[in-house]
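One letter stands for each residue in the lines below.
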Number of protein chains: 2
Amino acid sequence: MAKSQLKDFNKDLSEWFTDVVLKAELADYAPVKGCMVIRPYGYALWEGIQSFLDKLIKEKGVQNAYFPLFIPMHYLQKEKEHIAGFSPQLAIVTIGGGEKLSENLAVRPTSETIMYDMYKKWTNSWRDLPILINQWCNIVRWEKRTYLFLRTSEFLWQEGHCAHLTHEESMNMVLWALDAYEKTYNDLLAMYGIKGVKSDSEKFAGAGRTYSFECLMPNGKALQSATSHDLGQNFSKSFDWTVQDKNKEKIFPWQNSWGLSTRAIGGLIMAHGDQNGLVFPPNIAPIQVVIVPIPNHKLAPIKSQELKDQLKNKFRVQLDQVDDETTGFKFNKWELKGVPLRIEVGDRDLASSSVIIHRRDTGEKITVALADLEVKIRDLLSDVQNNLFTKHKKFTEEHTFTVSSYDEFKKIMTTTRGFIKAHWCEDSDCENEIKKDTKATTRCLPLDSKEEKGKCIRCGKDSHHRWLFALSY
Amino acid sequence: MAKSQLKDFNKDLSEWFTDVVLKAELADYAPVKGCMVIRPYGYALWEGIQSFLDKLIKEKGVQNAYFPLFIPMHYLQKEKEHIAGFSPQLAIVTIGGGEKLSENLAVRPTSETIMYDMYKKWTNSWRDLPILINQWCNIVRWEKRTYLFLRTSEFLWQEGHCAHLTHEESMNMVLWALDAYEKTYNDLLAMYGIKGVKSDSEKFAGAGRTYSFECLMPNGKALQSATSHDLGQNFSKSFDWTVQDKNKEKIFPWQNSWGLSTRAIGGLIMAHGDQNGLVFPPNIAPIQVVIVPIPNHKLAPIKSQELKDQLKNKFRVQLDQVDDETTGFKFNKWELKGVPLRIEVGDRDLASSSVIIHRRDTGEKITVALADLEVKIRDLLSDVQNNLFTKHKKFTEEHTFTVSSYDEFKKIMTTTRGFIKAHWCEDSDCENEIKKDTKATTRCLPLDSKEEKGKCIRCGKDSHHRWLFALSY
């Protein structure tokens with residue numbers, strides 16, 4: 001558990017990532033290729049995300065439900081772009097109860113088709129809209145190259161699926177979801193990011209438009225951190241689903257879907273981590289404060305237990321009672337696990353009625369009088385949360401480059417990398433060529449981007465906006 | 001939505017059940033045979049159960065985690081009774097990412113085998129035990145004859161899986177889980193039931209002993225409502241999983257697993273329902289209080305909104321604002337949905353600063369002064385909760401028969417049915433014959449049963465306990 005055991009954070013983030021995920025016991029490889037086991041310390045992060053986001057979802061009036069894992073193949077085939085997009089990634093059940101099935105079943109790669117068939121069954125008129133439904137579930141998309149949390153053949157997510165009478169109402173929900181994701185990243189995970197609309201080639205299979213929240217990782221790669229899709233009437237038309245409006249005319253409902261997955265945990269780990277391991281923002285940290293009695297100090301164990309009893313209903317506290325580890329080993333262990341604050345309880349400090357608090361994010365050690373402990377912890381947790389967000393925002397801004405030549409673009413992509421703001425003609429061939437040349441893809445057109453006349457960075461054709469480019473996960 | 005629309009509760013409970021599940025919008029049939037869609041009003045019940053039980057689980061120190069959906073076939077085959085029990089019910093993935101898989105994958109019918117393989121990987125010594133893990137997930141067991149909530153090919157559940165150094169510690173967890181289930185049924189779902197141990201032929205495939213909580217339904221059939229398994233060392237031996245104990249001896253860990261599923265919702269619906277529809281205990285009811293302004297009364301709508309605002313942070317309240325339904329239609333609609341209390345807001349009562357509260361469980365109407373409203377609602381909700389539990393307990397006791405002859409046994413099974421307490425020789429052939437003759441199976445040997453000498457009801461051999469028999473779901 002010595003610090004040197006972790007792979008080099010700056011040299012190879014992906015090796016460090018796998019190393020820290022396994023050593024901090026967040027997850028492990030499953031015996032099935034491409035799947036992972038989310039261990040309790042990692043699952044607690046998902047529970048934290050669920051609890052935060054589910055509250056926002058319910059406040060918006062969206063209700064949770066549960067739809068089947070299996071989707072008959074002919075359902076997936078109803079929307080042509082949809083099946084084309086997902087068919088290479090399907091896991092398919094061909095045998096059930098000992099018999100070959102008459103129709104193969106796909107394990108859901110997303111639930112649009114199975115849900116909308118039911119929506120059609122449940123609705124007749126404008127009175128039955130909007131439908132505001134979300135589900136928390138597992139999803140399977142077969143992957144050749146996998147990566148713990150970031151890309152696994154099975155993952156967990158929530159998928160919201162709403163249907164409305166008008167496009168305007170549906171768009172309101174699309175953007176609400178994007179804001180809810182931004183809030184979750186900013187306020188819970190202390191991560192900064194950019195909201196924007198995806199290019200046609202990067203949008204969801206079956207969507208009219210896809211919106212995403214993009215975060216920059218320390219290696220200059222972008223992580224698409226959540227998406228919200230304006231499905232238009234694509235699915236309602238494919239399913240021949242109409243409802244009668246107030247004028248007794250048949251209309252095809254306007255739909256949207258939006259999702260955030262366990263991938264968010266991958267982003268969280270990378271965004272804040274360092275050479276010593278994980279660094280968790282207090283709002284999401286499964287353990288906010290760890291109390292470590294200094295080994296072989298006489299008064300430390302009893303006082304530590306008292307402190308735990310005092311703090312346990314106010315913070316998420318753990319007391320380290322393992323009895324055969326050195327001080328250094330214990331400190332490294334909890335730093336690896338990313339616990340925001342460590343209270344070091346030693347006899348010398350106790351003699352002056354104080355303890356030392358160590359901040360995981362800055363490494364600072366602060367002597368705190370026992371009388372002030374609760375207030376100080378509360379302040380420090382709030383400081384750490386803010387500091388991590390500010391730091392990630394600053395990093396992102398410092399690695400966002402506005403470029404005006406293709407050479408400059410290429411140079412950034414071979415050095416620091418990062419977000420590149422560049423003019424693009426919005427032609428997908430040109431987008432492909434840029435990807436071939438530089439590995440960068442369009443991440444999004446930021447929602448706050450202003451109209452600005454320019455020339456496409458590659459082909460020189462007219463452009464009206466600067467798009468955001470990056471190498472992506 | 002008229003009352004007469006529901007199938008006859010007393011004549012055919014199963015027809016009534018399907019009818020009420022569909023009409024109250026708890027669930028619907030999915031396009032995949034044997035699967036169901038849990039609609040928001042039904043899913044809210046599951047969220048209530050999750051929230052109650054998850055708290056108990058966490059208080060016990062058990063942590064949530066997530067293991068893969070897919071289990072390689074050779075894992076399932078490691079424990080012989082286990083694979084024999086589950087193989088007829090498997091859904092099997094044979095194609096992934098467009099290619100035939102080299103080893104077929106079972107969609108988890110339960111997670112013992114995939115979890116214990118990881119447990120083996122994670123442990124070396126006694127320091128690594130106990131392992132206390134639970135997961136909330138979906139499960140697939142292919143069923144030929146299905147029944148909404150009670151038996152579906154896919155269902156939701158929690159499965160706790162713990163491993164310990166000693167059998168005593170493991171048994172402590174087995175019985176703790178059984179108590180947690182009893183508490184969930186009693187305190188949340190207002191259902192009475194019997195805890196006991198299953199006979200060998202009724203135990204879980206791979207368990208040493210299975211304990212269950214059995215509830216009696218209004219048609220005299222028993223519902224196995226949750227189970228907790230003492231797995232002994234069966235799985236650790238099959239997986240060749242040992243850890244070093246304090247004396248540096250290798251020992252096989254002692255294991256247990258325990259689960260409660262969406263089947264509980266089926267029990268809840270039947271246990272309390274009546275000819276008018278669902279009757280929900282307030283602690284689990286998604287809506288505890290519905291406010292219905294009497295149509296065409298002038299002051300009712302404004303006052304109703306005020307009442308909602310007053311009550312909404314204290315109770316789960318809904319205001320019925322639909323404007324083109326009659327009073328009778330509205331009342332029936334909310335009775336069908338099982339809402340415990342209905343507040344009828346009419347101008348005449350408002351003139352004397354009061355409203356009428358209708359109790360779903362008894363049908364009583366009570367005039368309540370607005371000034372006393374909150375206190376009265378709190379008292380009534382508590383009354384309803386207690387009344388429903390008492391009623392279900394009384395029903396169960398009145399339908400529990402201690403019999404001393406096989407004729408008496410058979411007569412009960414062809415008339416009222418119910419729980420039958422009878423001596424049995426504990427021979428499985430005899431158990432089979434009783435099932436053939438009467439359709440009754442052993443439900444359990446109640447934990448509180450006292451040793452009592454007698455003769456087997458069927459074969460006359462010596463018996464030391466009265467077992468609980470019933471026709472079961």
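Residues numbered from 1 in each chain as written. Chains lettered and ligands numbered in written order. Predicted model: local features only at pLDDT ≥ 70, side-chain atom pairs only at ≥ 80, totals over all residues.

A. Summary view of the overall build of chain A. Along the backbone of chain A there are 14 helices and 25 strands. Its C-alpha atoms give chain A a radius of gyration of 25 Å, near enough to 23 Å, the size a compact globule of 473 residues would have. By residue count, 48% of the 473 residues in chain A fall in the buried class. (Helix = DSSP H or I, 4+ residues; strand = E, 2+ residues; numbered from the N terminus. Rg over C-alpha atoms; globule rule 2.2 N^0.38 Å. Buried ≥ 20, exposed ≤ 12 C-beta atoms within 10 Å, placed from the backbone.)

B. A look at the sheet that holds strand β19 (residues 365-369) of chain B. Residues and elements named next belong to chain B. Sheet architecture is open: 5 strands sit in the order β16-β15-β17-β18-β19, paired in mixed fashion. Edge positions in the sheet fall to β16 (317-319) and β19, since each has one partner strand and no second. The mean angle between the axes of side-by-side strands here comes to 25 degrees, regardless of whether they run parallel or antiparallel. Two strands pair when backbone bridges link them, and strand β18 (residues 354-359) and β19 are joined in this way by 5 bridges, in the antiparallel orientation. Of the residues in β19, the one forming a bridge with Ser354 is Ala369. Helix α12 (residues 373-398) contacts β15 (289-293), β17 (341-345), β18 and β19 of the sheet and is inclined by roughly 10 degrees relative to β18. (Pairing = 2+ DSSP bridges. Axes fitted to C-alpha atoms, helices over the stretch in contact; angles between N-to-C directions. Contact = placed C-beta atoms within 7 Å.)

C. Region of the structure containing helix α1 (residues 13-23) of chain A. All names here are of chain A. Turning to α1, its buried residues number three or more, namely Trp16, Phe17, Val20 and Val21. What you see down the axis of α1 is that its buried residues fit within an arc of 125 degrees, all on one side. If you follow the buried residues of α1, they end up packed against β1 (27-29) and α8 (263-272). Trailing α1 by a residue or two, Glu25 shows a phi angle of about 60 degrees, which is positive. (Arc of directions from axis to C-beta.)

D. Up close: the nonpolar core. Counting residues in each nonpolar core, the largest one holds 277 residues, and the members touching the most others are Val21, Val93 and Leu268 of chain A together with Val21, Val93 and Leu268 of chain B. In this view, Val21 of chain B contacts Leu26, Ala27, Leu148, Phe149 and Ile269 of chain B; residues no more than four positions away in its chain are not counted. (Core = buried A, V, L, I, M, F, W, Y, C linked by C-beta atoms within 7 Å.)

E. Local environment of the relation of the copies chain B and chain A. With an RMSD of 0.0 Å, the fit of chain B onto chain A corresponds to turning through 180 degrees and sliding 0.0 Å along the axis. Both copies of the chain, as the preceding transformation shows, are related through a two-fold rotation axis. Closest approach to the rotation axis within chain B is made by the C-alpha atom of Val93 of chain B, at a distance of 2.1 Å. Most of the interface of chain B is mirrored in chain A, where 100% of its interface residues again form contacts. (Least-squares fit on C-alpha atoms with pLDDT ≥ 70 in both.)

F. Broad picture of the environment of Glu364 of chain A. On the secondary structure map, Glu364 of chain A appears in the loop between β18 (354-359) and β19 (365-369). Residues Glu364 of chain A and Ala222 of chain A, spaced 142 residues apart in sequence, show a C-alpha to C-alpha distance of 30 Å.

G. Quick peek at helix α13 (residues 406-414) of chain B. Residue and element names in this part refer to chain B. Within α13, the full set of buried residues consists of Phe409, Ile412 and Met413. On an axial view of α13, the arc spanned by its buried residues comes to 100 degrees, and they lie on one face. When the buried face of α13 is taken as reference, the exposed residues oriented beyond 90 degrees from it are Asp407 and Thr414. Check the buried side of α13 and you find it contacts β20 (400-402), β21 (419-423), α14 (428-438) and β25 (466-472).

H. Molecular detail of the packing of helix α2 (residues 40-59) of chain B against helix α6 (residues 167-188) of chain B. Residues and elements named next belong to chain B. Relative to each other, α2 and α6 sit at 135 degrees, their axes nearing to 10 Å. One way to sum up the angle between α2 and α6 is to call them oblique. The two elements α2 and α6 meet at a crossing, and its hand is right-handed. Contacts between α2 and α6 involve Gly48, Ile49, Phe52, Leu53 and Leu56 on the former and, on the latter, Ala180, Lys183, Thr184 and Leu188. Here the residues of the contact of α2 with α6 are counted per class, giving 6 nonpolar, 2 polar and 1 charged. (Parallel < 35°, antiparallel > 145°, perpendicular 65-115°, else oblique. Left-handed = near helix turned anticlockwise from the far one by under 90°. Nonpolar A, V, L, I, M, F, W, Y, C, P; charged D, E, K, R; others polar.)

I. Representation of the pairing of strand β7 (residues 131-140) of chain B. Residue and element names in this part refer to chain B. Judged from the 2 bridges that link them, strand β3 (residues 63-64) and β7 form a sheet pairing that is parallel. Bridging from a neighbouring strand, Gln63 pairs with Ile133 of β7. Where β7 meets strand β8 (residues 154-164), 10 bridges bridge the pair, whose relative direction is antiparallel. Bridging across to β8, Leu132 finds its partner in Cys162.

J. Geometry of the interface of chain B and chain A. If you look at the interface, chain B gives 42 residues, while chain A gives 42 residues. Of all the elements, strand β5 (residues 91-96) of chain B adds the most residues to the side of chain B that touches chain A, at 6 residues. Residues that form the side of chain B that touches chain A fall into these classes: 28 nonpolar, 8 polar and 6 charged. With 5 bridges connecting them, strand β5 (residues 91-96) of chain A and β5 of chain B associate as antiparallel partners. Paired with Ile95 of chain A across the strands is Ile92 of chain B, a residue of β5 of chain B.

K. The sheet that holds strand β17 (residues 341-345) of chain A, seen in detail. Residue and element names in this part refer to chain A. On the basis of which strands lie adjacent, the open sheet formed by 5 strands has the order β16-β15-β17-β18-β19 and mixed pairing. At either margin of the open sheet sits one strand with a lone partner, and together these are β16 (317-319) and β19. Pairwise comparison of adjacent strand axes, ignoring direction, gives a mean angle of 25 degrees for this sheet. In the sheet, β17 pairs with β18 via 4 bridges, with the strands oriented antiparallel. Looking across to β18, one finds that Glu344 is bridged to Ile356. Across the face of the sheet, helix α12 (residues 373-398) comes into contact with β15 (289-293), β17, β18 and β19 while running at roughly 10 degrees to β18.

L. Spotlight on the pairing of β5 of chain A. Residue and element names in this part refer to chain A. When β5 meets strand β6 (residues 99-107), the two strands line up antiparallel, connected through 4 bridges. Bridging from a neighbouring strand, Val93 pairs with Leu105 of β6. Where β5 folds back onto β6 in an antiparallel hairpin, the turn is made up of 2 residues, including Gly97, whose phi is positive at roughly 55 degrees.

M. Main features of the environment of Leu468 of chain A. Looking at where Leu468 of chain A falls in the secondary structure, it is placed in strand β25 (residues 466-472). Residues Leu468 of chain A and Phe401 of chain A, spaced 67 residues apart in sequence, show a C-alpha to C-alpha distance of 9.4 Å.

N. Structural context of the confidence of the model for chain A. Chain-level pLDDT for chain A is 96 on average; 99% of the residues reach the 70-or-more range. Here the complex is predicted with pTM 0.97, and the ipTM for its interfaces comes to 0.96. (pLDDT = per-residue confidence, 0-100.)

O. Spotlight on the environment of Tyr41 of chain A. As for its position among the elements, Tyr41 of chain A is in helix α2 (residues 40-59). Every residue in contact with Tyr41 of chain A, bar those within four places of it in the chain, is listed here: Ala24, Glu25, Leu26 and Pro286 of chain A.

P. Layout of unusual backbone geometry. Of the consecutive residues Leu129 of chain A and Pro130 of chain A, the connecting peptide bond is found in the cis state with omega at -5 degrees. Located in the positive-phi region is Ser353 of chain B, a residue other than glycine, with phi close to 50 degrees. For Ser353 of chain B, the position within the fold is in the loop between α11 (347-351) and β18. Overall, Ser353 of chain B belongs to the exposed group, with 9 C-beta atoms counted inside 10 Å. The residue Lys439 of chain B is not glycine, and still its phi comes out positive at about 70 degrees. Within the secondary structure, Lys439 of chain B is located in the loop between α14 and β22 (441-446). According to the C-beta neighbour criterion, Lys439 of chain B is partly exposed, with 14 such atoms within 10 Å.

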